[in-house]
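These are the residues of each chain, in order.
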Amino acid sequence: MTKKQLKRVDIILSPYSVSPYQVLINTVKRSKDEVIKEMINSGLRGRGGAGFPTGLKWKLASEQISDEKYIICNADEGEPGTFKDRKILSEVPRKVFSGMAIAGWATNSTKGVVYLRREYKYMVADLEKEIEVFNNKAKEIGLDFSINIFLGAGAYVCGEETALIESMEGKRGEPRNKPPYPIQNGFKGKPTIVGNVETFASASMVCRYGADEYVKFGTNDQHGSKLFSISGDSPKEGVHELELGMSIEDFVHEFGDGDTKAVQVGGVAGFCVPRKHFKTTIIGEGQTTGGATMIFNSTRSMYHVLHNYLDFFVEESCGQCTPCRVGTQQLLKGIEAVKLGEKEPEYLEQLIKLSQTMKVASKCGLGQSVANSFASIVTNFKEEMIY
Amino acid sequence: MSELKTVISDQIKKHGKGRDALMPILQSIVEKNNYLTNENMVEIAKELDISAADVYGTASFYSFLETEERGRYVIRICKSITCDMKGKGKVLRTIQDMLKIKIGETTQNKKFSLLETNCIGLCDQGPAMLINDDFYNHLTPEKVREVLVDYIRNKN
Ligand SMILES: Cc1cc2nc3c(=O)[nH]c(=O)nc-3n(C[C@H](O)[C@H](O)[C@H](O)COP(=O)(O)O)c2cc1C
Ligand code: SF4
Ligand code: FES
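From a predicted model like this one, the values you see are computed outputs, not experimental measurements.

1. Brief notes about the overall build of chain B
Then step 1. When helices and strands are counted, chain B shows 7 helices and 4 strands.
Then step 2. Ordering the α and β elements of chain B from the N terminus gives α-α-α-α-β-α-α-β-β-β-α.
Then step 3. Taken along the three principal axes of its C-alpha coordinates, chain B extends 50 × 30 × 25 Å.
Then step 4. Expressed as a percentage of the 156 residues in chain B, the buried residues total 53%.
Then step 5. Taking the contacts inside chain B whose residues are at least 6 apart along the sequence as the reference set, 60% of them involve residues at least 24 apart.
Then step 6. In the form shown here, chain B has an accessible surface area of approximately 7,200 Å², with 46% of it arising from carbon and sulfur atoms.
Then step 7. The centroid of the 23 positive side-chain charges in chain B is displaced by 4 Å from the centroid of its 22 negative side-chain charges.

Below, the structure is given as structure tokens:
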């Protein structure tokens, strides 16, 4: 494998050198099919974690026949270690609204909603001003699309797209069974595109640069640039826009404090990579695409880290399905028992098996992803779990 | 019309009488009164023509829809991993010592409640906390003391 230079890019967070609403105006002059095809060719994948191809989502939504469709921007951003959407919405909201409007136009949807997490309420006043600018602009150019804000009320699981929809409908934020997917049966039973904040901003950038230019960023598997939320033991904490496809070694070289022992990629739902795997692990491939990276140095207890994650999962599990509700609690109790010497170290193997069962038996991504961090921490830092 | 009825009818005007008016209604009552009483929830159920159990079920799901009495200023300190690593423990102890309350409690004058919360999206600026809607970052015992003194002296 050739070593890839860590390249910084500046697409999403750069100031508006071309007005995002000019991009919108230029785009809606083209044919809808052509724009959707451009989105597919760009290779853009959802930035909310699941990594579903955005162009395909738009295509499927455009094929739905319905009197009303919705475009929902998922700004629930609750994954510990993730804060890039806050930055995008505070610094370049017009790119997001432009992307939402293009999605709306391409799929014949007229209503857009930004689902903003309650913890970000301090952003509402500024966002509402920006939304008014957008709504006026849309009227001015004769585009039948308007946006408003829906404020969440504090629940991580509402970031899951069907739970988010339940919540908007005034219900408990419990994920639905899939299928049907939101593009078939979403908000109020209508076809709905749920997309991440960064995804919509990227979509606007694809329309600005064209797919051919856009794919020049990144590796074969993943295209374009990506925002990384970097926190933990790093002198450069914050949001950084990087090309996809770099190794963790390069990443740590750039962002670590010289004493990095582990990197959590993809947030607590992702994987914890130990030093011995830094060289061979590429950020972005096979992991979640949320872009949260937390850096731990050698002073950190990985037992403590895992305990903190599990506390999070226990609290945020919606409790709807047993494998997740009981499983998260058992994993937490289990590592405590091993640490206290009440259980033999071999018990850890059983706990890993339990987490694998949760992966197949849980209803939504929350329960399904606990095994990622659990197994990677327990396997790579076994001594720390025991002593 | 009672104050509560006004709040409800304002939201119904905006969102219609359907169930999707429920969250905005609950939120605006919490914004006004800091928490939801059982009577509130029964009243809302009547207005929206749904069962009180449905209203309670929704309200109890969300951490910002308080169903217990809370103070006028609710402090939510982040306990997720990076804030924890950056010294959330010391900050929390300082708050507890100053206000003489533990997590989950409210001061006697009903001014402050103290809660822990999961990640609030300020991980690069931890330890972080919210007081009602406002955020405070890069906290140290000294800094949080200053913040609280300001609330104690200058806010009602
Ligand atoms: C527990 C859980 C939490 C999630 N939280 C978020 C979130 O905060 N923001 C987000 O965009 N996607 C989140 N997702 C993913 C969404 O379900 C959905 O895949 C995404 O919003 C789709 O947008 P995208 O295709 O642009 O990524 C979450 C998923 C799960 C299972
Ligand atoms: S996996 Fe967990 S969060 Fe998801 S539906 Fe089941 S109990 Fe709820
Ligand atoms: S970990 Fe505290 S704000 Fe994210």
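2. Here's the deal with the site of ligand 2
Then step 1. Surrounding ligand 2, one finds 13 residues, the nearest of these being A:C318, A:C321, A:C324, A:C364 and A:G367.
Then step 2. When the residues that make up the shell around ligand 2 are grouped by side-chain class, the tally is 7 nonpolar, 5 polar and 1 charged.

3. So, the site of ligand 1
All names here are of chain A.
Then step 1. What surrounds ligand 1 is a group of 19 residues, the closest being G48, K57, E77, N196 and T199.
Then step 2. R47 is positioned such that a nitrogen or oxygen atom in its backbone is 3.2 Å from an oxygen atom of ligand 1.
Then step 3. Within the backbone of G48, an N or O atom sits 2.7 Å from an oxygen atom of ligand 1.
Then step 4. Most atoms of ligand 1, that is more than half of them, are within 2 Å of grid points of the largest pocket.
Then step 5. With 3 residues, strand β4 (residues 192–196) is the largest single contributor of residues to the shell around ligand 1.
Then step 6. Looking at the shell around ligand 1 residue by residue, the class counts come to 4 nonpolar, 9 polar and 6 charged.

4. Looking at the sheet that holds strand β5 (residues 225–232) of chain A
Two modes of strand pairing occur in sheets, parallel and antiparallel, and in both the strands are linked by backbone hydrogen bonds.
All names here are of chain A.
Then step 1. One open sheet holds the 5 strands; their spatial order is β6-β5-β9-β7-β8, and the pairing between them is mixed. Single-partner strands in this sheet number two, and they are β6 (238–243) and β8 (271–274). Ignoring strand direction, the axes of neighbouring strands in this sheet form an average angle of 30 degrees.
Then step 2. In this structure, strand β7 (residues 260–265) lies alongside β8, joined through 4 bridges in antiparallel fashion.

5. Overview of the layout of surface pockets
Then step 1. The calculated volume of the largest pocket comes to roughly 1,400 Å³.
Then step 2. A:G48, A:G49, A:A50, A:G159 and A:E160 are, among the 48 residues lining the largest pocket, the residues nearest its centre.
Then step 3. For the lining of the largest pocket, the secondary structure elements donating two or more residues are α3 (54–63), α4 (84–91), β4, α8 (197–209) and α14 (365–380) of chain A.
Then step 4. Each residue belonging to the lining of the largest pocket can be placed in one class, and the counts come to 16 nonpolar, 20 polar and 12 charged.
Then step 5. Within this model, the second largest pocket holds a volume of roughly 1,200 Å³.
Then step 6. Lining the second largest pocket we find 38 residues, and of these A:I149, A:L151, B:H15, B:P24 and B:Q27 sit closest to its centre.
Then step 7. At the level of elements, β2 (111–116), α6 (124–140) and β3 (146–151) of chain A together with α1 (3–15), α2 (22–33) and β1 (73–78) of chain B are the ones that each hand at least two residues to the lining of the second largest pocket.

6. A closer look at the interface of chain B and chain A
Then step 1. Taken together, the contact between chain B and chain A spans 33 residues of the former and 49 residues of the latter.
Then step 2. Summed over both partners, the interface of chain B with chain A buries about 3,300 Å², with 54% contributed by carbon and sulfur atoms.
Then step 3. In terms of surface lost to chain A, no three residues of chain B exceed B:F61, B:I81 and B:M85, which account for 20% of the buried area on that side.
Then step 4. Inspection of the chain B/chain A interface yields 7 salt bridges.
Then step 5. A salt bridge links A:R118 to B:D133, with the shortest nitrogen-to-oxygen separation between them at 3.0 Å.

7. A few points about the environment of A:S317
All names here are of chain A.
Then step 1. In this fold, S317 is placed in the loop between α11 (302–316) and α12 (322–339).
Then step 2. For the pair S317 and F187, spaced 130 residues apart in the sequence, the C-alpha separation amounts to 22 Å.
Then step 3. Sequence-distant contacts of S317, that is, excluding residues within four places in its chain, are made with C324, R325, T328 and L366.

8. Some thoughts on helix α5 (residues 93–107) of chain A
Then step 1. Counted at 1.5 Å a residue, the expected span for α5(A) with its 15 residues is 21 Å, and the 21 Å between its end C-alpha atoms agrees.
Then step 2. Among the 15 residues of α5(A), 14 are classified as buried, and the element is accordingly described as predominantly covered.

9. What about the pairing of β3(A)?
Residue and element names in this part refer to chain A.
Then step 1. The sheet contact formed by β2 and β3 spans 6 bridges and is parallel. Bridge pairing in β3 places K111 opposite S146.
Then step 2. Crossover connection from β2 via α6 to parallel β3: handedness right-handed.

10. Structural notes on helix α1 (residues 20–27) of chain A
Residue and element names in this part refer to chain A.
Then step 1. Most of α1 is tucked away: 6 of the 8 residues are buried.
Then step 2. Where α1 is buried, its residues touch α2 (32–42), α5, α6 and α8.
Then step 3. The residue sitting at the N-terminus of α1 and contributing the capping side-chain oxygen is S19; that oxygen lies 3.0 Å from the backbone nitrogen of Y21.

Reading the values: the criteria
- Residues numbered from 1 in each chain as written.
- Chains lettered and ligands numbered in written order.
- Predicted model: local features only at pLDDT ≥ 70, side-chain atom pairs only at ≥ 80, totals over all residues.
- Heavy atoms only, no water.
- Helix = DSSP H or I, 4+ residues; strand = E, 2+ residues; numbered from the N terminus.
- Buried < 20%, exposed > 50% of the residue type's maximum accessible area, 1.4 Å probe, protein only.
- Contact = heavy atoms within 4.5 Å.
- Areas by Shrake-Rupley, 256 points an atom, 1.4 Å probe, with all protein chains shown as cover.
- Lys, Arg positive; Asp, Glu negative; His and termini not counted.
- Charge placed at Lys NZ, Arg CZ, Asp CG, Glu CD.
- Near = heavy atom within 4 Å.
- Nonpolar A, V, L, I, M, F, W, Y, C, P; charged D, E, K, R; others polar.
- Polar contact = N/O pair within 3.5 Å; in protein donor to acceptor, adjacent residues only side chain to side chain.
- 1 Å grid on protein atoms, 1.4 Å probe; cavity = no way out; pocket = protein on both sides within 12 Å on 5 of 7 lines; lining within 4 Å.
- Sits in = over half its atoms within 2 Å of the grid points.
- Pairing = 2+ DSSP bridges.
- Axes fitted to C-alpha atoms, helices over the stretch in contact; angles between N-to-C directions.
- Points joined across faces, edges and corners; volume = space filled by probe spheres on them.
- Buried area = accessible area lost by both parts, 1.4 Å probe.
- Salt bridge = Lys/Arg side-chain N within 4 Å of Asp/Glu carboxyl O.
- Expected span 1.5 Å × (residues − 1).
- Right-handed = clockwise from strand over helix to strand, strands pointing away.

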